[in-house]
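Coordinates in review
Chain by chain, the residues run as shown.
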Amino acid sequence: MTSLSARVVAYASVREFVPLYGLYALLFEDHGLDTRSISSLFVLWSVVAFVSEVPSGAWADTVSRRGLLFGSGALLTAAFTMWLVWPGYWGFALGFVLWGISESMKSGTFEALVYDELVARGCEHRYAAIMGYANAGEMTCVFVAILTAAPLFELGGYALVGWVSVAITVVDIALVGTLPAAPKVEEADEIAGRGDTVLVRYMSSLRAGTSEIRTDRVVRRSVVLAAALLACLAFDEYFALLARESGAETGFVPVLVALTAVGQVVGAATAGRTATMSGRTMGAVVIVGSALIAGGALAGGIAGFTAIGVGYGALHNTAIVAEARLQDTMSGRARATVSSVVGLTSEVLSVAVFAAYAIGSLWLPMAALVAVTVLPLVGLGVVAPRLLPAARPAGTERER
């Protein structure tokens, strides 16, 4: 388990060690784009991701999951390269198209690969903890990468920040080869024994996953909750603009944004301890976290971004717990497909968030926009007790 955890954490973490994360919104702005244009790029990113989300999830239930992760890494490398060689609106747009496809190929695929490996070892109850560590590793790398962006920018501007990011994505592609390749839970050997073609297996996985969501109320509610919580994490795309609006210099912006990453590290790392939280507890955490983000956005400065970090970390924790409960709840016949529906739904909700920022920016400053757009999370906190499945004791299976 130690070796498995280390490999999972290493792959997930290095993928997020991208210094560009702390500055790319400013890169767009400094190349002539306003908030509406930047929001349109984020919308394009989400649209591409959700159009390709479920189809890629079904492929992950049909073909090699590691193969899809290799492809995902290659597209991510190409996306950031495009921004550097064609730094204009259409170059940024093409980069987001590649990034969106890359994320959809990873979303659901990675989670299903890890969970099925744990099933093969009889340790699926460790999923929340391992994914919590993986997410904590991701956020730690985001934190360090964002801090690294400041000195890199001073040394070589956006070009140095960008090419270092591209090099790191290449390293992460190599780490895909270290991941396990456990057999899928859904009787893969039996399907292969019938001599079905890849297309037949693909359609079978797609039908099985979507059918489970339609017919199983518990799975359906879990999908909605996990997707809504993941969509909450779309706000961070605007944190750099929020920091600049509050008066921070470009070189100091990554430091403020890094404070939000610290909160996410703590929230993710403690997911194993909070994995059995009740629905009422989750609802309270979501409401308090939302209030901290809104208050922090209005306050600004180091204190404000610290509050945002605490609130964001709380939401990140609940998102991991909700996704782990979903993995425990589903049958496993088309695990990646069901997980991809979560990604699809969260991307649709993210588009709504980006559209709200694009329209709201005509009348409101960024601080007010952030505060207003977190208000719907209060409603999510109220309904969370109904949507979150009960925790399953270790070593037991869900009754069907």
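Residues numbered from 1 in each chain as written. Predicted model: local features only at pLDDT ≥ 70, side-chain atom pairs only at ≥ 80, totals over all residues. Heavy atoms only, no water.

Naming follows an unreviewed UniProt entry, where the protein chain appears as MFS transporter of Rhodococcus pyridinivorans.

It is worth spelling out the overall build of the protein chain at this point. Looking only at helices and strands, the protein chain features 18 helices and zero strands. Restricting to contacts in the protein chain with at least 6 residues of sequence separation, those with at least 24 account for 85%. Looking at the protein chain as shown, the accessible area adds up to about 15,300 Å², and 66% of this sits on carbon and sulfur atoms. (Helix = DSSP H or I, 4+ residues; strand = E, 2+ residues; numbered from the N terminus. Contact = heavy atoms within 4.5 Å. Areas by Shrake-Rupley, 256 points an atom, 1.4 Å probe, with all protein chains shown as cover.)

This part covers the UniProt feature "transmembrane region" (unreviewed entry) in the protein chain. On the UniProt side, "transmembrane region" (unreviewed entry) is annotated at positions that read residues 38-60, 127-149, 155-176, 223-240, 252-271, 283-303 and 366-388 here. Secondary structure within residues 127-149 divides into 100% helix and 0% strand; the distance between the first and last C-alpha atoms comes to 32 Å. (UniProt positions renumbered as here; feature names shortened; annotations may be inferred.)

Another point: the nonpolar core. Residues Y24, F28, W99 and M282 are the most contacted members of the largest nonpolar core, which totals 93 residues. Counting residues domain by domain, this core receives three or more from each of domain 1 (1-191) and domain 2 (196-389). If we ignore the near neighbours within four places in the chain, the residues touching Y24 are F42, W45, W83, F96, W99 and E237. In this structure, C123, A128, M131 and A134 belong to the second largest nonpolar core, which totals 21 residues. (Core = buried A, V, L, I, M, F, W, Y, C linked by side-chain atoms within 4.5 Å. Buried < 20%, exposed > 50% of the residue type's maximum accessible area, 1.4 Å probe, protein only. Domains from an automatic or database assignment.)

So, on to empty space enclosed by the protein. In total, this model carries one cavity of 30 Å³ or more according to the counting rule given. Of the voids in this model, the largest cavity is the one considered here, and its volume is about 1,300 Å³. Lining the largest cavity are 49 residues; nearest its centre among them are E16, E103, E138, L230 and L233. If you tally residues by element for the lining of the largest cavity, the top one is helix α7 (residues 127-175), at eight residues. Looking at the lining of the largest cavity, its residues break down into 26 nonpolar, twelve polar and eleven charged. When residues are assigned to domains, the lining of the largest cavity turns out to be shared by domain 1 (1-191) and domain 2 (196-389), each giving three or more. (1 Å grid on protein atoms, 1.4 Å probe; cavity = no way out; pocket = protein on both sides within 12 Å on 5 of 7 lines; lining within 4 Å. Points joined across faces, edges and corners; volume = space filled by probe spheres on them. Nonpolar A, V, L, I, M, F, W, Y, C, P; charged D, E, K, R; others polar.)

Let us now look at the packing of aromatic side chains. How two aromatic rings sit relative to each other is set out by the distance from centre to centre and by the angle between their planes. Evaluated as defined, the whole model comprises 29 aromatic pairs. Where W45 meets F96, the ring centres are 5.1 Å apart and the plane angle is 40°; that geometry is what we call tilted. Linking W45 in helix α3 (residues 35-60) with F96 in helix α5 (residues 89-106), this pair joins segments that are 51 residues apart in sequence. Accessibility expressed as a relative area gives 13% for W45, which makes it buried. Look at F96 and you get buried, because its relative accessible area is 0%. Ring geometry for F239 versus F305: centroids 6.5 Å apart, planes at 80°, classification edge-to-face. On the criterion of sequence distance, the pair formed by F239 in helix α11 (residues 239-245) and F305 in helix α15 (residues 301-329) is long-range, its members being 66 residues apart. Of the residues examined, F239 reaches a relative accessible area of 0% and is grouped as buried. These aromatic residues form a ring-pair network of at least three members: Y21, Y24, F28, F42, W45, F80, W83, F92, F96, W99, Y238 and Y357. (Phe/Tyr/Trp six-rings, centres within 6.5 Å; stacked < 30°, edge-to-face > 60°.)

Here the focus is α15. Its 29 residues place the ends of α15 42 Å apart at the C-alpha level, agreeing with the 42 Å of an ideal helix rising 1.5 Å per residue. Within α15, 24 of the 29 residues are buried, leaving the element largely enclosed by the surrounding structure. (Expected span 1.5 Å × (residues − 1).)

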